[in-house]
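Coordinate inspection notes
Next come the chains, spelled out residue by residue.
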Amino acid sequence: MWFGIVSLFPEMFGAVTDSGVTGRAVKKGLIDVDFWNPRDFTLDVHRTVDDRPFGGGPGMVMKVEPLLAALTAAKAHAGAGVRTIYLSPQGRQLDQQGVSELVEAEKLILVCGRYEGIDERIIETEIDEEWSIGDFVLSGGELAAMCLFDAVSRQVPGVLGHEGSAEQDSFMNGLLDCPHYTRPEIFKGLAVPQVLLSGHHENIRRWRLKQSLGRTWLKRPDLLQHRNLDKLEQTLLDEFMQEHRS
Ligand SMILES: CN1CCN(C(=O)c2nonc2N)CC1
C-alpha cells in the first residue's frame, strides 16, 4: 500500500514511519510513503505558505498555489487510481468500517491542513473525500492523518505478522476488546482469571468473547444495535448480564 502525504510538517510522521508495527511494515516494504511539503513549492524568498482570509476574521488560510503545486506533484507520482483525502472535522468520521474501505484503495494521498484550513476551491476541485477522526479541533491534519495511516496500515496483509491480531482488534468484529493479562499472575492482590491459565483454548475463546460482549454492553451499547449476535454470542451475553446484575 502506498501513502502520499502533503504536509508542512512531514517530520511529524516519523512517529508512524520509523516506529512500531507500521515502522517495521515500511522497513519491509509492505507500506510505502512519500512526502510533499507545500513550502518546497513556494516561489518567494520568505517561502510563504499562508495568506489572509477573504472577508477578514482571525487566523490564516493555506496559500492556494504552493498547496496545489505540492498536491499536483503527489498525484503525478501516484498515477491512476489514487484517492485524495483531506483530513477535516467536516469529514466522515473514521471508524473500523471506514478503515476497511480505505485499505482497499491501495493508493491514498492524505492532505494535511494547517491554520484555519485550505481554500474551499481546492477541496471542490482536488479532494475526493474528507475524513475526520472526531468532533474536536486539532492544530493541523497531521495527527489525524497519522491515525488514519496507522489504522489502515494495520489492515494490510503481513503488517501484523500473525493476522489474528487484526481480527482481535477492538471493533474488528464490531465489539470492544476483551481484557488482556500477562505476568505476574498476582498483581496488587489481583489474580489473573483462572481460565486464562487453564490451557483450554475453547474455554479461553468463549471467555474472551463473553468479556468482549459484556464490555460492549456496558460501555458501548450502541455498537450492539448494529451487531447481530449468533446463538452462542447471545447466550454468553445473557450470562454476563445475569452475573453483572447478581
Ligand atoms: C485545518 N485543520 C483543522 C483541524 N483539523 C482537525 O481537527 C481534524 N482533522 O481530522 N479530524 C479532525 N478533527 C484538521 C484540519
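Now for a look at the structure at hand. Throughout this description, residue numbers start from 1 for each chain and increase along the sequence as written. Local features in this predicted model are restricted to residues whose pLDDT is 70 or higher, and side-chain atom pairs enter the listing and the counts only when it is 80 or higher, whereas totals over whole chains, interfaces and linings include all residues. Values reported for side chains reflect all heavy atoms of the structure, with hydrogen atoms and water molecules removed beforehand.

Attention now goes to the overall build of the protein chain. Tallying secondary structure elements over the protein chain gives ten helices and nine strands in all. Within these notes, the globule rule equals 2.2 Å times the number of residues to the 0.38 power, and the radius of gyration is based on C-alpha atoms. Its C-alpha atoms give the protein chain a radius of gyration of 22 Å, clearly above 18 Å, the size a compact globule of 246 residues would have. If one aligns the C-alpha atoms of the protein chain with their principal axes, the spans along those axes are about 70 × 40 × 40 Å. Three labels apply to residues, based on accessible area from a 1.4 Å probe with only protein chains included: buried if under 20% of the type maximum, exposed if over 50%, partly exposed otherwise in between. Counting all 246 residues of the protein chain, 42% fall into the buried class. In the protein chain, of all internal contacts separated by at least 6 residues, the share reaching a separation of at least 24 is 75%. The protein chains shown are the only cover counted for residues, whose accessible areas, like all others here, come from Shrake-Rupley with a 1.4 Å probe. As presented, the protein chain carries roughly 14,100 Å² of accessible surface, and 52% of it is formed by carbon and sulfur atoms. Of note, the protein chain has its 26 positive side-chain charges centred 7 Å away from the centre of its 36 negative side-chain charges. Each helix is a run of H or I in the DSSP string that is no shorter than four residues. Each strand is a run of E no shorter than two, and both are numbered from the N terminus. What makes two residues a contact is simply this: any of their non-hydrogen atoms within 4.5 Å. When charges are tallied, Lys and Arg are placed among the positive residues and Asp and Glu among the negative ones, while His and the ends of the chain are skipped. Charge positions are represented by NZ for Lys, CZ for Arg, CG for Asp and CD for Glu.

In this scheme, strands are said to pair when DSSP sees at least two bridges between them. Direction of pairing for strand S5 (residues 83-93) relative to strand S6 (residues 107-111): parallel, over a ladder of four bridges. For Ile85, the partnering residue across the bridge sits in S6 and is Leu110. Look down the strands so they point away from you; if the path from the first strand over the helix to the second goes clockwise, the crossover is right-handed. In this region the chain leaves S5, passes through helix H4 (residues 96-102) and returns to the parallel neighbour S6; the handedness of that crossover is right-handed.

One can find Ser7 in the loop between strand S1 (2-6) and helix H1 (14-17). For this analysis, a polar contact is any N or O atom pair within 3.5 Å, provided that within protein one partner can donate a hydrogen and the other can accept it, and provided that sequence-adjacent residues contribute only side-chain to side-chain pairs. A polar contact is formed between the side chain of Ser7 and the backbone nitrogen of Phe9, at a distance of 2.8 Å. With residues up to four places along the chain from it excluded, the contact list for Ser7 reads Phe13, Trp36, Asn37, Pro38, Cys112 and Glu142.

Let us look at the site of the ligand. Nearness here has a simple test: a residue counts as near a molecule or strand if at least one of its heavy atoms is within 4 Å of that partner. Around the ligand there are 16 residues in total, and Ser88, Ile133, Gly134, Phe136 and Leu138 lie nearest to it. Ile133 places a main-chain nitrogen or oxygen 3.0 Å from a nitrogen atom of the ligand. Here an oxygen atom of the ligand and a backbone polar atom of Leu138 are 2.8 Å apart. Relative to its unbound accessible area of 360 Å², the ligand is 95% covered by the protein chains. Elements with a minimum of two residues in the shell around the ligand: S5 and strand S7 (129-132). If one sorts the elements of the shell around the ligand by residue count, S5 sits on top with four residues. In this classification, the charged set is Asp, Glu, Lys and Arg, the nonpolar set is Ala, Val, Leu, Ile, Met, Phe, Trp, Tyr, Cys and Pro, and all remaining amino acids, among them Gly, are polar. For the shell around the ligand, the class distribution of residues is nine nonpolar, seven polar and no charged.

Read these as layout, nothing more, since geometry by itself doesn't imply function.
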